Amino acid sequence: MAALRIVIQILFILICIVLTVIVLMQEGKSAGLGAISGAAETYWGKNKGRSMEGKLVKLTKYLAIGFMVISIILNLNVF
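As the structure is a computational prediction, the values presented were derived from the model and not from experiment.

Asker: Help me understand a nonpolar patch on the surface, please; the structure alone is not making it clear to me.
Answerer: A surface patch of nonpolar side chains, about 1200 Å² in accessible area, is lined by M1, L4, V7, Y62, I65, M68, V69, I72, I73, L76, V78 and F79. Those elements that place two or more of their residues in the nonpolar patch are helix 1 (2-25) and helix 3 (52-75). Broken down by element, the residue count for the nonpolar patch peaks at six residues, all from helix 3. M68 sits in the partly exposed class, given a relative accessible area of 47%.

Structural data, given as structure tokens:
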């Protein structure tokens, strides 16, 4: 059981590092001042789910869920 706990802790550390990097790679919500004048309706604005920014947002959600689940598992002291 100790080996499984070590593997989960290593996975937890990797998720923390990747989550931090992905959050830092994302643009801020106020990055495009063209949104004020309506210039945000570009190709990338309409297809944001298919762009790199959309993929980063989805990956952030999945990693955050994984982070919470693993942190709960580690705090329950099951292993």
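Asker: Explain the packing of aromatic side chains to me, please; I cannot follow it from the model alone.
Answerer: Given two aromatic rings, one states the distance between the centres and the angle between the planes to describe the pair. Here the structure, examined in full by the defined rule, presents one aromatic pair. On the basis of an interplanar angle of 15° and a centroid distance of 5.1 Å, the ring pair of F12 and F67 is categorised as stacked. Within this pair, whereas F12 is found in helix 1, its partner F67 is found in helix 3, the two being separated by 55 residues in sequence. Of the residues examined, F67 reaches a relative accessible area of 30% and is grouped as partly exposed.

Asker: What is the right way to read helix 1 from this model?
Answerer: Compared with the 34 Å implied by 1.5 Å per residue over 24 residues, the 35 Å span of helix 1 between its first and last C-alpha is a close match. Residues I8, F12, I15, L19 and I22 constitute the buried set of helix 1. Where helix 1 is buried, its residues contact helix 3.

Asker: Before we go on, may I ask you to explain the nonpolar core in this structure?
Answerer: Core analysis: the biggest nonpolar cluster contains nine residues, these being I8, F12, I15, L19, I22, L56, L63, I70 and L74. If we skip the residues at most four places from it in the chain, L74 touches R5, I8, Q9 and F12.

Asker: Just to check I follow, could you spell out the confidence of the model for the chain for this structure?
Answerer: As a general rule, the predicted coordinates of low-pLDDT regions are not to be interpreted in detail. Counting all residues, the mean pLDDT for the chain is 83, and 75% of those residues have values of 70 or more. Least confident of the elements in the chain is helix 2 (residues 43-46), whose mean pLDDT is 54; most confident is helix 1, at 96.

Conventions adopted
Residues numbered from 1 in each chain as written. Predicted model: local features only at pLDDT ≥ 70, side-chain atom pairs only at ≥ 80, totals over all residues. Heavy atoms only, no water. Patch = residues over 30% accessible without salt bridge, like charges linked within 9 Å, V, L, I, M, F, W, Y side chains within 5 Å. Areas by Shrake-Rupley, 256 points an atom, 1.4 Å probe, with all protein chains shown as cover. Salt bridge = Lys/Arg side-chain N within 4 Å of Asp/Glu carboxyl O. Helix = DSSP H or I, 4+ residues; strand = E, 2+ residues; numbered from the N terminus. Buried < 20%, exposed > 50% of the residue type's maximum accessible area, 1.4 Å probe, protein only. Phe/Tyr/Trp six-rings, centres within 6.5 Å; stacked < 30°, edge-to-face > 60°. Expected span 1.5 Å × (residues − 1). Contact = heavy atoms within 4.5 Å. Core = buried A, V, L, I, M, F, W, Y, C linked by side-chain atoms within 4.5 Å. pLDDT = per-residue confidence, 0-100.

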